[in-house]
Amino acid sequence: MAFLDFLSSLFGRKPQPPAPAPPAPAPAPASLPDSSDEPAQISNPKVLLIIFNPTMDAASETKLAAFMGWSRPDDLVSGFIADVLQASGGLVRYSIAQRIELDEFPLLTDGFRYTPQTYLQVMSNRGLAHNPQGIDYGEILTRFKVLTGIANRDFDEVWFMGFPFAGLFESTMGGAGAFWCNAPPLANTSSCRRRFVVMGFSYERDIGEMLHSYNHRCEAVLAHIFNGLDFLMWAYRPNRVPATIAADPALSLFQRYILFDQIAPGRAGMGIVHYPPNGVRDYDLGNPNPVPSNCYDWLKFPDFQGDVRMVAASEWGGGAERGFQHWWLKHLPKTAGRQNGIHNNWWQYIANLDNVPG
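Residues numbered from 1 in each chain as written. Predicted model: local features only at pLDDT ≥ 70, side-chain atom pairs only at ≥ 80, totals over all residues. Heavy atoms only, no water.

**What about the overall build of the protein chain?**
- A count of helices and strands for the protein chain gives 11 helices and 11 strands.
- Its C-alpha atoms give the protein chain a radius of gyration of 20 Å, near enough to 21 Å, the size a compact globule of 358 residues would have.
- By principal-axis analysis of the C-alpha atoms, the protein chain measures approximately 65 × 45 × 35 Å.
- By residue count, 56% of the 358 residues in the protein chain fall in the buried class.
- Considering only residue pairs separated by 6 or more positions, the protein chain has 67% of its internal contacts joining residues 24 or more positions apart. (Helix = DSSP H or I, 4+ residues; strand = E, 2+ residues; numbered from the N terminus. Rg over C-alpha atoms; globule rule 2.2 N^0.38 Å. Buried < 20%, exposed > 50% of the residue type's maximum accessible area, 1.4 Å probe, protein only. Contact = heavy atoms within 4.5 Å.)

What follows is the structure, given as structure tokens:
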């Protein structure tokens, strides 16, 4: 079982189960001298925003988002950008470099394209979703010259705003040296000299689900930096072998960050996207049972002081997706300095892949 939601929740109305993925070993971090005062780098990533919002009623020119009573895509994007800015302490400042709204359903990998009629049949359970479900990323990347735009730094990443059954991954990566990012690397993109992430968001959902997808991206990038993909995959398995991990001073900072009580009894950190510190099953975000966690110590990084407290769902505002995912994000290290070749500001890897070694 892979460690993340291999198929985006955008394939359907409910999250999809993980799918197999070969672990790709990460290179060791570049050899850089330790530093206690190297400033935390501010990232200003520029986004190509592509919104699929087809006309559903020609007479009234009503688009899908309005027709279904879903969120306005631009409102979601603005709220998401604000949440990341706040959680990163102002260190990640996304901006929309180019906005494209397409009056069409996306082309899928076998050439199929929904019509308003066939799409509504699926959404009303009067028809089956088309299979294969995946979007034709190559067609979109080629049509809008994405590889050239990334290489020329016109933009640094791509965000799709879609809907259920649009066939989007929650996140995937392209470019030379692309690695697993909650989905396999994008095919036929290695000619681009820069890595880039393509996010797949849904305006049927809310900002909490956008943060959920983004946090899977964070996990994947940090697993690459700390060579911890195998550990992350193990943490997501429902039937883990071994079931728990013994206290081990050799655990990387990333491994320590994502510990939760079920896999490390009495030694929880922040948990993972699906499992909060006290989680006992996938998406157990509203669990009221407290467990000891060092989450407050991560706010003091890198000067840990052994601050362990009992925490439960009330810590992140209850069981709402947005509350937990924002809470998880805001604890990510974002301080000055560098140790063992890795910056103490993890955001400058997550939001700027040019900083990722290898």
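Back to the write-up after that little detour.
**Considerations on the sheet that holds strand β6 (residues 171–174)**
- Spatial strand order, β4-β1-β5-β7-β6: 5 strands in an open sheet with mixed pairing. The outermost strands of the open sheet, each flanked by one partner alone, are β4 (95–102) and β6. For this sheet, the mean angle separating the axes of adjacent strands, direction not counted, is 20°.
- Where strand β5 (residues 157–162) lies against strand β7 (residues 196–202), 5 bridges are found, and the strand directions are parallel. Note on β7: the bridge partner recorded for Gly-162 is Ser-202.
- Against the sheet, helix α2 (residues 73–87) contacts β1 (46–52), β4, β5 and β7, and its axis sits at roughly 135° relative to β5.
- Relative to the sheet, helix α6 (residues 207–225) contacts β5, β6 and β7, its axis offset from that of β7 by approximately 155°. (Pairing = 2+ DSSP bridges. Axes fitted to C-alpha atoms, helices over the stretch in contact; angles between N-to-C directions.)

**Quick notes on helix α3 (residues 116–123)**
- Buried within α3 are the following residues: Pro-116, Tyr-119, Val-122 and Met-123. Along α3, the residues classed as buried sweep out an arc of 125° about the axis, all on the same side.
- Residues of α3 that are buried in the fold lie against β2 (55–57) and α1 (64–67). (Arc of directions from axis to C-beta.)

**Here we look at the packing of aromatic side chains**
- Scanning all chains against the criterion turns up 32 aromatic pairs.
- Centroid distance Tyr-137 to Phe-160: 6.0 Å. Interplanar angle 55°. Geometry classified as tilted. With Tyr-137 in helix α4 (residues 137–143) and Phe-160 in strand β5, this pair connects stretches of sequence that are 23 residues apart. Comparing Tyr-137 with Phe-160 shows no difference in burial state: the two are buried.
- The aromatic ring of Tyr-275 is capped on one face by Arg-240, whose charged end is 5.2 Å from the ring centroid.
- Seen from the ring of Tyr-296, Arg-309 lies directly overhead, with NZ or CZ sitting 3.7 Å from the centre. (Phe/Tyr/Trp six-rings, centres within 6.5 Å; stacked < 30°, edge-to-face > 60°. Lys NZ or Arg CZ within 6 Å of the ring centre and 35° of its normal.)

**A few points about the nonpolar core**
- In terms of nonpolar packing, the biggest core is built from 107 residues, with Trp-159, Tyr-214 and Leu-332 touching the most fellow members.
- Counting residues per element, this core draws most heavily on α6, at 10 residues.
- What Tyr-214 contacts, discounting residues up to four positions off in sequence, is Phe-80, Val-84, Tyr-94, Met-199, Leu-329, Trp-347, Ile-350 and Ala-351. (Core = buried A, V, L, I, M, F, W, Y, C linked by side-chain atoms within 4.5 Å.)

**Quick look at the packing of α6 against helix α10 (residues 321–330)**
- Contact geometry of α6 with α10 gives a least axis separation of 8 Å together with a crossing angle of 35°. The way α6 lies across α10 gives a crossing that is left-handed. Between α6 and α10, the contacting residues are Ile-207, Gly-208, Glu-209, Leu-211, His-212, Tyr-214, Asn-215, Cys-218 and Glu-219 on the first element and Glu-321, Arg-322, Gln-325, His-326, Trp-328 and Leu-329 on the second.
- Grouping the constituent residues of the contact of α6 with α10 by class yields 6 nonpolar, 5 polar and 4 charged. (Left-handed = near helix turned anticlockwise from the far one by under 90°. Nonpolar A, V, L, I, M, F, W, Y, C, P; charged D, E, K, R; others polar.)

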